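# A look at the structure
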Amino acid sequence: MPESVSNITAQMPRAKLAGLLLFFLGPAVAIYTLFSIYPLVATMALSTYTSDPSGARYFVGLANFETLLGDALWSKPFWNAFGNNLIFFAVHMCVQNPIGIALAGLLSLPGLRLKGFYRTVMFLPTMLSVVIVGFSWNLILSPLWGVASGALKAVGLGSLFAPWLGLESSALVTLSLISVWQFVGIPMMLIYAALLNIPEELIDAARVDGLGHFRIFFHIKLPLVLPTISLVSVLTFVANFNAFDLIYSVKGALAGPNFATDILGTFFYRTFFGNQLQLGNPTMGSAVATVMFFIILLGLCLYLFLVQRRVRRYAF
Amino acid sequence: MTAEQRAKSLSVHLVLIAYSVLAVGPILLVVMNSFKVRSAIFGSPLALPDATTFSLVGYEKVFRSSHILTYYSNSLIVTLVSMALVLLFGAMAAWALTEYRFRGSTALALFLSIGIMVPIRLGSVAILNMMRSAGLNDTLTALVLVYVAQGLPMSIFILSEFIQQIPKDLRDAARCDGVPETRIFFEVVAPLLRPAIATVAVFTIVPIWNDLWFPLILTSSDSTHTVTLGVQQFLGQYITDWNSVLAALSMAILPVVLIYVILSRQLIAGLTSGAVK
């Protein structure tokens, strides 16, 4: 933006400008490059090496990836984790985003009282550590404590209770829902902010035309906040395919029962750091991280090229 | 208000109240029961502690058998130092990127924005190797360096938006008076960035305080554990001791909730501000 630069800085001598840039940008660029970008690149480079028991490293090209995707010993847990991760993501998309949109819609109703109170309370879980949230739910859902079964009994649904977190069939969905419970505040807040930015005249015009709240929401507001909804979706995608803390703190590194809750983050941790069953393997760990990087990159590209292009941005 | 409007507004409030209960209920339940004796935790989990059921036995146990105060101070040091550096270096970089015209500035801005989307966690293998060879393994410094690198991209992005909103005349007037650039930044621009602190805090500070991954990878001794990791390990060890588990959970929850309630207005304003559209 040329007009944002004042004439005085544009006329600055080159050496002086270089000095200023070094002073202002130097620390940020140095720390960021050294501890964020370089490790990413170095990890990818390490994924093309293997090490023998003596610790020496050899270049092996793409052999680690062939092992990871081709050798049943590696590919089975990898695809299991990938599939589980897709389910984890699908639950977020199908539950977290609709609830977030609905709550944002209610909060943005004109003249609603106690708005600030509801917002504060509903956003609270998002502020807490995933570890704390996971463990608290672990206790609440535990048959030992009986809070969840008691609550269900109170509404006459006692027979529905099962130790959901312990069953192979329901553990993953239960954990996904715990994560949804915690992070629903993010879509809620971002969509709420977008809804507030819709110009009043648009809504007033619709009201004059005789549209009710519901139709105004679905036909006018919702299409206008679609860019925000797709942004929320891509944020959810990146966060989900990089998730680790919740599974690790509730289920441990082995993501039980029988790896039913294993996702890429826990698989990466086990491969890289090791656990009761295997020794840590930094080069294979790097390969897993590299695959995760490309999965996230693919999601970002899909968002940028498909969604971002299709969804029209409305300038207010 | 007509009867129909009143019924509508009532139903909206009912939905919002129901969801609010779902959101804070579990947290209240844990905190409430951490102040009770074991028999009351199991006997009447939904009751508030009273004179007969009140007990601090869980808290005593946590203080006795974990280094909870060390964890708190580690978390505080790491979070505050990281926050200060993210704000300082982030504001300086944002200033240079928005104020000075130079070749490659767009490319540099793009390079810096990679970190907003790509999680730094994926570089953990190399980060651990680097920290080991630099002798920084198992130190708080290692955590601070990683968190500053992680927080910078988002803070530069947010602070750039803020700096663009500062009137140009202000800096140009100072320049005409011959004030050096560094003083313009530190004495004119930086004080005006105070409102941005809350926004930056939501996006960078909260994830740092709550992070489990890097303390798990980079720290190995009790003296360098943060609250999140320390409590996580304590919970694993004392899993059958419900008093201690509930107390440890509450001790991790309460400071965050307290700060959140005090700052919630600014935090939410920051979150819903124009920076993220």
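These notes cover the structure that comes with them. Quick caveat: nothing in here was measured; it's all calculated off a predicted structure.

### Re the overall build of chain B
- A tally of helices and strands in chain B yields 13 helices and 0 strands.
- Shown N-terminal to C-terminal, the secondary structure of chain B runs as helices and strands in the order α-α-α-α-α-α-α-α-α-α-α-α-α.
- Computed over C-alpha atoms, the radius of gyration of chain B comes to 24 Å, more than 25% over the 19 Å expected from 2.2 N^0.38 for 277 residues, which places it beyond the range of a compact globule.
- Dimensions of chain B, computed from the C-alpha atoms along their principal axes, are close to 75 × 70 × 35 Å.

### Here we look at the overall build of chain A
- Looking only at helices and strands, one finds 15 helices and 2 strands in chain A.
- A compact globule built from 316 residues would reach a C-alpha radius of gyration of about 20 Å, whereas chain A, at 25 Å, exceeds it by more than 25%.
- Across the 316 residues in chain A, those meeting the buried criterion constitute 53%.
- Long-range contacts, defined as pairs at least 24 residues apart, comprise 64% of the intrachain contacts of chain A with a sequence gap of at least 6.
- Looking at chain A as shown, the accessible area adds up to about 14,600 Å², and 68% of this sits on carbon and sulfur atoms.
- Of note, chain A has its 17 positive side-chain charges centred 7 Å away from the centre of its 11 negative side-chain charges.

### Structural notes on a nonpolar patch on the surface
- Where nonpolar side chains cluster on the molecular surface, the patch consists of L298, L302, L304, F305 and L306 of chain A and spans about 510 Å² of accessible area.
- Classification of L306 of chain A by relative accessible area gives partly exposed; the value is 44%.

### Quick word on the interface of chain A and chain B
- Residue-level contacts link 93 residues of chain A with 94 residues of chain B.
- Summed over both sides, the interface between chain A and chain B buries roughly 8,600 Å², with carbon and sulfur atoms accounting for 80% of that surface.
- It is F24, Y32 and W145 of chain A in chain A that bury the most area against chain B; as a group they hold 10% of the surface buried on that side.
- Remark: the boundary between chain A and chain B carries 1 salt bridge.
- Taken together, the residues of the side of chain A that touches chain B break down into 71 nonpolar, 16 polar and 6 charged.

### Section: the packing of aromatic side chains
- Enumeration over the complete set of coordinates arrives at 38 aromatic pairs over all chains.
- Both rings, one in W95 of chain B and one in Y100 of chain B, keep their centres 6.0 Å apart while their planes meet at 80 degrees; by these two values the pair is edge-to-face. Each member of the pair, W95 of chain B as well as Y100 of chain B, carries the same accessibility label: buried.
- The rings of F78, W79, F82, F89, F237, F241 and F267 of chain A are connected pair by pair, giving a single aromatic cluster.

### Describing the pattern of salt bridges
- For the coordinates displayed, the defined rule picks out 10 salt bridges over all chains.
- Note that R207 of chain A is salt-bridged to D204 of chain A, the shortest N-O span being 4.0 Å. Placement of the pair is R207 of chain A and D204 of chain A together in helix α10 (residues 200–208), with a separation of 3 residues, close to one helical turn.
- Taking the relative accessible area as the measure of exposure, R207 of chain A reaches 39% and is therefore partly exposed.
- Looking at D204 of chain A, the relative accessible area reads 36%, which means it is partly exposed.
- A salt bridge links K61 of chain B to D241 of chain B; the shortest N-O distance between them is 2.6 Å.

### Some remarks on helix α9 (residues 185–196) of chain A
Residues and elements named next belong to chain A.
- For α9, built from 12 residues, the straight-helix expectation of 16 Å at 1.5 Å per residue is met to within 8% by its first-to-last C-alpha distance of 16 Å.
- Burial of α9 is extensive: 10 of the 12 residues sit out of reach of the surface.
- Among the residues of α9, those classed as buried are G185, P187, M188, M189, L190, I191, Y192, A193, A194 and L195.

### Brief notes about unusual backbone geometry
- The backbone of N258 of chain A shows a phi angle near 50 degrees, a positive value even though the residue is not glycine.
- Among the secondary structure elements, N258 of chain A is positioned in the loop between α13 (245–251) and α14 (264–273).
- Overall, N258 of chain A belongs to the exposed group, its relative accessible area being 59%.
- Even without a glycine there, the phi angle at D138 of chain B is positive, about 65 degrees.

### What about the packing of helix α2 (residues 14–46) of chain A against helix α7 (residues 140–165) of chain B?
- Put simply, α2 of chain A and α7 of chain B touch, their axes get as near as 8 Å, and they point 120 degrees apart. Between α2 of chain A and α7 of chain B, the angle falls in the class oblique. Classified by chirality, the crossing of α7 of chain B by α2 of chain A is left-handed. Note on element contacts: α7 of chain B touches α2 of chain A through L145, V148, A149, L152, P153 and I156 of chain B, opposite A28, I31, Y32, F35 and S36 of chain A.
- Looking at the contact of α2 of chain A with α7 of chain B residue by residue, the class counts come to 10 nonpolar, 1 polar and no charged.

### Brief notes about the packing of helix α11 (residues 213–224) of chain A against helix α12 (residues 226–240) of chain A
Residues and elements named next belong to chain A.
- Between α11 and α12, the shortest axis-to-axis distance is 4 Å and the interhelical angle comes to 55 degrees. With respect to α12, the element α11 is oriented oblique. In this structure, α11 uses L222, P223 and L224 to contact α12, whose residues at the interface are L226, P227 and I229.
- Looking at the contact of α11 with α12, its residues break down into 6 nonpolar, no polar and no charged.

What counts, and at which threshold
Residues numbered from 1 in each chain as written. Chains lettered and ligands numbered in written order. Predicted model: local features only at pLDDT ≥ 70, side-chain atom pairs only at ≥ 80, totals over all residues. Heavy atoms only, no water. Helix = DSSP H or I, 4+ residues; strand = E, 2+ residues; numbered from the N terminus. Rg over C-alpha atoms; globule rule 2.2 N^0.38 Å. Buried < 20%, exposed > 50% of the residue type's maximum accessible area, 1.4 Å probe, protein only. Contact = heavy atoms within 4.5 Å. Areas by Shrake-Rupley, 256 points an atom, 1.4 Å probe, with all protein chains shown as cover. Lys, Arg positive; Asp, Glu negative; His and termini not counted. Charge placed at Lys NZ, Arg CZ, Asp CG, Glu CD. Patch = residues over 30% accessible without salt bridge, like charges linked within 9 Å, V, L, I, M, F, W, Y side chains within 5 Å. Salt bridge = Lys/Arg side-chain N within 4 Å of Asp/Glu carboxyl O. Buried area = accessible area lost by both parts, 1.4 Å probe. Nonpolar A, V, L, I, M, F, W, Y, C, P; charged D, E, K, R; others polar. Phe/Tyr/Trp six-rings, centres within 6.5 Å; stacked < 30°, edge-to-face > 60°. Expected span 1.5 Å × (residues − 1). Axes fitted to C-alpha atoms, helices over the stretch in contact; angles between N-to-C directions. Parallel < 35°, antiparallel > 145°, perpendicular 65-115°, else oblique. Left-handed = near helix turned anticlockwise from the far one by under 90°.

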